[in-house]
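Structural characterization, general
What follows is the residue order along each chain.
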Amino acid sequence: MRDHRTRDPKPERDAAASRPAGESSPFWRSLDELAGSDAFLDTLEREFPRQAVPLGEGVDRRRFLQLMGGSLALGGLGACTRQPLETIVPYVRQPEEIVPGKPLYFATAATLGGYATGVLVESHMGRPTKIEGNPQHPASLGATDVLTQASVLDLYDPHRSQAVRHLGRIRTWSAFVDSLATALGAQEGTAGAGLRILTETVTSPTLAAQMDAVRQRFSRARWVQYDPAGRHLARAGARAAFGSWAEVHYDLSRARVILALDCDLLAGEPGSVRYARQFAQWRRVWERREMNRLYAVESTPTPTGTLADHRLRLRPERIEALALALAAEMGLGATPPAGLDRQLGTWARAVAQDLLRHPGESLVVAGEWTSPELHVLAHAMNQRLGNFGSTVHATAPVAAAPSDQIADLAALADDLRQGRVEVLLILGGNPVYDAPADLGFADALRHEEARLRIHYGLVENETSAYCHWHIPATHYLEAWGDARAFDGTVTIQQPLIEPLYGSRSPHELLAIVEGRPGALGYDIVREHWLPQLGSEAAWRRALHEGTVPDTALPAAGAAAGGAVAAAVQRLSERVASPAAEYTLLFRPDPTLWDGRFAGNAWLQECPKPFTKLTWDNALLVSPATARQLGIDEQRTGRNRDRHPMVRVTVGASYLEVPVWITPGQADGAVTLHLGHGRTRGGPVAEGHGFDAYRLRTRQGLWQQRGVSLQPTGEAYALASTQGHFSMENRHLVREATVAEYADNPGFVHAHVHAPDEEMTLYPKWEYAGYAWGMGIDLSSCTGCNACVVACQSENNIAVVGKEQVLAGREMHWLRIDQYFKGPSADEPEGVYNQPVPCMHCETAPCEVVCPVAATVHSDEGLNDMVYNRCVGTRYCSNNCPYKVRRFNFYKFSDWQTESLKLQRNPDVSVRFRGVMEKCTYCVQRINHARIAAGREDRSIADGEIQTACQQACPTGAIVFGDINDASTEVARWKAQPLDYGLLEDVNTRPRTTYMGRIRNPNPELEA
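So, here's what we can say about the structure. Given the structure is predicted, the values throughout are model-derived calculations rather than measurements.

Rules behind the numbers
- Residues numbered from 1 in each chain as written.
- Predicted model: local features only at pLDDT ≥ 70, side-chain atom pairs only at ≥ 80, totals over all residues.
- Heavy atoms only, no water.
- Helix = DSSP H or I, 4+ residues; strand = E, 2+ residues; numbered from the N terminus.
- Buried < 20%, exposed > 50% of the residue type's maximum accessible area, 1.4 Å probe, protein only.
- Contact = heavy atoms within 4.5 Å.
- Areas by Shrake-Rupley, 256 points an atom, 1.4 Å probe, with all protein chains shown as cover.
- Core = buried A, V, L, I, M, F, W, Y, C linked by side-chain atoms within 4.5 Å.
- Salt bridge = Lys/Arg side-chain N within 4 Å of Asp/Glu carboxyl O.
- Pairing = 2+ DSSP bridges.
- Axes fitted to C-alpha atoms, helices over the stretch in contact; angles between N-to-C directions.
- Expected span 1.5 Å × (residues − 1).
- Disulfide = S-S within 2.5 Å.

Here we come to the overall build of the protein. When you go through the protein residue by residue, the secondary structure sums to 33 helices and 40 strands. Relative to its 1007 residues, the protein shows a buried fraction of 61%. Residue pairs at least 24 apart in sequence account for 74% of intrachain contacts in the protein once pairs closer than 6 positions are excluded. Carbon and sulfur atoms form 51% of the exposed surface of the protein, whose accessible area is close to 38,500 Å².

A few words now on the nonpolar core. The biggest cluster of nonpolar side chains holds 77 residues, and the ones touching the most others in it are Leu412, Leu416, Phe441, Leu584 and Leu619. If sequence neighbours within four positions are ignored, leucine 584 has contacts with Leu619, Val648, Val650, Val670, Leu672, Leu695, Trp702, Gln703, Gln704 and Val707. Residues Trp286, Leu814, Phe887 and Phe960 belong to the second largest nonpolar core, which totals 73 residues.

Here the structure, examined in full by the defined rule, presents 58 salt bridges. Residues arginine 311 and glutamate 298 are paired through a salt bridge, measuring 2.6 Å at the closest nitrogen-oxygen approach. Of the two residues, arginine 311 is situated in strand β12 (residues 310-313) and glutamate 298 in strand β11 (residues 293-298); the sequence distance between them amounts to 13 residues. Each of Arg196, Arg222, Asp414, Asp415 and Arg420 takes part in a single network of salt bridges with overlapping partners.

Okay, the sheet that holds strand β3 (residues 115-124) next. With antiparallel pairing, the 3 strands of this open sheet are ordered in space as β2-β3-β4. Bordering the open sheet on either side are β2 (104-112) and β4 (127-133), each of which pairs with just one other strand. Averaged over all neighbouring strand pairs, the angle between strand axes comes to 40°, with direction disregarded. Where helix α5 (residues 146-155) meets the sheet, its contacts fall on β2, β3 and β4, and the angle it forms with β4 comes to roughly 170°.

As a further point, take the sheet that holds strand β38 (residues 979-980). Pairing is mixed across the open sheet formed by 4 strands, whose spatial order is β37-β30-β39-β38. Two strands lie at the open edges of the sheet, namely β37 (958-962) and β38, each paired on one side alone.

Attention shifts here to the side chain of threonine 671. Along the chain, threonine 671 turns up in strand β25 (residues 669-673). A relative accessible area of 0% places threonine 671 in the buried class. What threonine 671 contacts, discounting residues up to four positions off in sequence, is Thr300, Leu585, Arg587, Ala618, Leu619, Leu620 and Gln665.

Now for helix α14 (residues 372-384). Look at α14: 18 Å from first C-alpha to last across 13 residues, which is about the 18 Å you get at 1.5 Å a residue. Of all 13 residues in α14, 10 are buried, a share of seventy percent or more. Listed in full, the buried residues belonging to α14 are Glu373, Leu374, His375, Val376, Leu377, Ala378, His379, Ala380, Met381 and Asn382. Within two residues after α14, glycine 386 carries a phi angle of roughly 70°, on the positive side.

Our focus in this paragraph is the state of the cysteines. Applying the stated rule across the entire model yields 0 disulfides. Looking at the unpaired cysteine 606, the closest cysteine sulfur is the one in cysteine 787, lying at 8.7 Å. For cysteine 606, a relative accessible area of 0% corresponds to the buried category. Cysteine cysteine 876 shares no disulfide, and the gap to the nearest cysteine sulfur, in cysteine 850, comes to 6.3 Å. For cysteine 876, a relative accessible area of 8% gives the class buried.

Here we come to helix α30 (residues 923-935). Over its 13 residues, α30 extends 18 Å from the first C-alpha to the last, a length consistent with the 18 Å expected when each residue adds 1.5 Å. For α30, the full list of buried residues reads Gln924, Arg925, Ile926, Ala929 and Ala933. Looking at the buried side of α30, the elements it contacts are β4, β30 (772-777), α25 (786-794), α31 (948-952) and β37. A positive backbone phi angle near 55° is found at aspartate 937, which sits one or two residues after α30.

Spelled out as structure tokens, the structure:
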């Protein structure tokens, strides 16, 4: 046990203060660490957080032993807390297809913004508990993203809407049907002139067919689609480029050179899970012997930018100037903007030449939040490079009835104000909260001319408060439906459980408007698809596989050249206009998206990339911008979690929000994420963060120029995990260029002298059978957090709340450490992601100090935790150099709410308070495979076991298996010179090791 009272902290202070510029390591995790601030040094000296009050000075050995003995006794008593009684109710008549303890898997699809991602859902005795990717679906390829992983928790949300309500009072479904039927009957005389239906973006062929039937009955009714984080600007750009509505998607498996213009291609686009998997295949230089190259130009850091070989931080208007210079270099009729600085000119020439050297094997992609003109220019560049049909594919639109959603929503608001709407049916969404502020949608809904306003949704939210009726919606795991993927491939959604609260699907609700009340969702979807599929066998095959064959959309024509000149003209005018002092950028939140996931506790507590913020959003500013505002002072002591607030003013609207200084943010550009500041939607959603929609307008959907920033003098506590569990930054990230790797494949072991494995007091373990191990590829990890939430879902990990995160007590068994490189916070040389689970050390420091043998070594190399032995001394955590053990300080797990009990994995125990938790390599999955292999009298095959983090990872950056078998993938990874372990100098011999980060820089820019 380390004694911090007798250690001289000065050498570590000196080392920490000089580390970023010294020889030890150029990497740092936070601005406090880079500056060697008192707050960071105080944390470094004291292993425990400030809330754990240390012993006073001058405590002698006798008193120390007395206190330790007392704490051990109290810990034993605390560990004997009686757990709640649980009643097991057996089946009266067990279904033939269900074997207790054996999960079943069903194919369906989760949607976001209308786009489907194919998934396989694990079901335990009729309870969906875990989401996995469908390997046969083109949008997932077997992986998932963080939002899809967490979506299963929304099914069991105890704050879901559970009853039909009229003016706040519970009513029956039949009463609602009668009310709606009466209102619709009154509309038949005017052909539905007063009927409006507002939905989110619809890609469902069945729902689109129903809307066609509705418009046949009510020819003057209007259908409006609105998605706050939708592809409004990208669709407008595609329409201008192709002359009609079109969808564009990409094939990164063929792309050798990629230019991302303010685009989070690997984590924020429809199809990003597929793109990330394809991109990562090029990064395994030890297998492929060649590597792609990624250029990222962005205003605010993104997961895609962390893997860029060259990253350039620019304000949006400077990105457009660079795009014009690129177009000029490619001969697209543009001229370089006047006053283009030398850096951008060099970039434009080097990148353009690199792209031109790879015709048909390159890619230029503009982000969803960039202007339509920039999209037109990106399409023109791809056409000039010969990329269409190879790395770029244009198809018919995925969305049904595509249109200008913002204009349509504005027209609806105007109709409401003018009294032209008599019946308004809102199928999903929350426009009162997330519509552009200048529309005044809430005020428009107040007009009493709309005599029947109906809101249909999972929860009672801000919009339902303005409606007469609220109808509880089904979760996608409860209902029949269908949806298209980014390329048009259709998945038929099948339910895995009966609706928990008697809710209805959108198909069943829309059937009332069609004139056939009582129609069931299953019948509606099946009637649509059975004639097209041709037979009952084909229908069942489509359900089983998770895709409907031959439904990918046909290719569209080539980009129209006439739009390029107009786009260049508008971009040139915009670039030449005087630059505003500050530009406000809006982005979907990495975990809450547009706010629809605000009630999901897993996502609220999931640390966001770059900031590691939980339960809040903040205004992201660059260090230079912070200095300009006078708010870059260091925080010390108890104020280290409190951040200065500024007033952000856009026109007549303003919002006071805390500031988070972000390395890699463009100077003069400040970013605020959407989805926070909810006032309705349940206690998890309400009261956290700040509502960015108050500042968002139709003309500034993704950026507002000319905003005013004024410090208020107030401060706000932000709960970030970035500084938690520091390993003191000792050669943790190792990276090199492709050329350096070719010259020295074993560079990861340079300057690190691991002790001789024979020189140890630990017993030497022999493994006659399996020896489990894990490998993690740092060249592929985007830091997207899919693995973190997958681990939480698989292992019944509790959330703790903002207050406990502030105390350093988050419970995640897997964390993603994010490092910045270089001596400058203004211009970091790179950003690096490093997932850190339990290392499962061969010589585990935690095992020898546990007084009750609660942490033990298995005969297959796992560092096991025996929860019912643990008495909570936390000696193991103190002795762990990797800081991967979590102590359950309080009863974090909810033992009372019945719906949450249904979500938990029955193969993993739910821990009570007072025990230590950590990664187990998903030992329950190992045991499932062992039982299956034993029944069939064979060995466990390579790939038969996938840990939850491995299975979820979009880039395939994690592998797991038997390292005793040289033919397994994990053994092949570990045999590479690129493989290394964390803190090798302490001789823990971890079973989890890393592949060093490899970059492929352009020699013309590297200099």
